[in-house]
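# A closer look at the structure
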Amino acid sequence: MTVEDTRLNVEKALEEIRPFLQSDGGDISLISIENTKVTVQLEGACVGCSVNQMTLKSGVEMTIKKYAPHIEDVVNLS
């Protein structure tokens, strides 16, 4: 998978998860992709949410790995 393919697949994954985040007053942006690590930034209500790490790992990371299985880690830029 090329770098561009990976970026497109990660963007597709974020588009899939974004409506769920927006329904709770949050959002997400892609910051970078470095090898097998994706850095995102949770925004809005997601910033102060007490379960944002669970959302990041169980929702965002799982969805990204569905589209780009070679991604090993998803982290939030804090």
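Below is a summary of the structure that appears in this document. (Residues numbered from 1 in each chain as written. Predicted model: local features only at pLDDT ≥ 70, side-chain atom pairs only at ≥ 80, totals over all residues. Heavy atoms only, no water.)

## Thoughts on the pairing of strand β2 (residues 37–44)
For strand β1 (residues 26–34) and β2, the ladder comprises 8 bridges, and the chain directions are antiparallel. Within β2, the position partnered with E34 by the bridge is K37. The turn joining β1 and β2, which pair antiparallel and follow one another in sequence, is formed by 2 residues; a positive phi near 55° is taken by N35. With 4 bridges connecting them, β2 and strand β3 (residues 73–76) associate as parallel partners. Opposite V40, over in β3, you have N76 as the bridge partner. This β-α-β element, β2 to helix α2 (residues 52–67) to β3, shows right-handed connectivity. (Pairing = 2+ DSSP bridges. Helix = DSSP H or I, 4+ residues; strand = E, 2+ residues; numbered from the N terminus. Right-handed = clockwise from strand over helix to strand, strands pointing away.)

## A closer look at the nonpolar core
Formed by 17 residues in total, the largest nonpolar core has its most connected members in L14, V38, V40, V60, I64 and V74. Put simply, the parts of the chain that give this core at least two residues each are α1 (3–23), β1, β2 and α2. Among all residues touching V38, those that are not within four sequence positions of it are V10, L30, S32, I33, I64, I71, D73, V74 and V75. (Core = buried A, V, L, I, M, F, W, Y, C linked by side-chain atoms within 4.5 Å. Buried < 20%, exposed > 50% of the residue type's maximum accessible area, 1.4 Å probe, protein only. Contact = heavy atoms within 4.5 Å.)

## A look at unusual backbone geometry
Leave glycine aside and you will find that most residues have negative phi; peptide bonds, for their part, are mostly trans. Phi at N35 takes a positive value of approximately 55°, unusual for a residue other than glycine. Along the polypeptide, N35 turns up in the loop between β1 and β2.

## A look at the layout of surface pockets
Of the volumes computed, that of the largest pocket is approximately 160 Å³. Broken down by element, the residue count for the lining of the largest pocket peaks at 3 residues, all from α1. The residue inventory of the lining of the largest pocket, partitioned by class, reads 8 nonpolar, 2 polar and 1 charged. (1 Å grid on protein atoms, 1.4 Å probe; cavity = no way out; pocket = protein on both sides within 12 Å on 5 of 7 lines; lining within 4 Å. Points joined across faces, edges and corners; volume = space filled by probe spheres on them. Nonpolar A, V, L, I, M, F, W, Y, C, P; charged D, E, K, R; others polar.)

## A look at the pattern of salt bridges
Throughout the structure, instances matching the rule amount to 6 salt bridges. K57 is the partner of E61 in a salt bridge, and the nearest nitrogen-oxygen pair spans 3.0 Å. Taken together, the positions of E61 and K57, both in helix α2 and 4 residues apart, correspond to about one turn of that helix. Residue D73 is joined to K57 by a salt bridge in which the shortest nitrogen-to-oxygen separation is 3.2 Å. Here D73, found in strand β3, pairs with K57, found in helix α2; they are 16 residues apart in sequence, far enough to count as distant. The class of D73 is partly exposed, set by a relative accessible area of 29%. Three or more residues joined by partner-sharing salt bridges are found here, namely K57, E61, K65 and D73. (Salt bridge = Lys/Arg side-chain N within 4 Å of Asp/Glu carboxyl O.)

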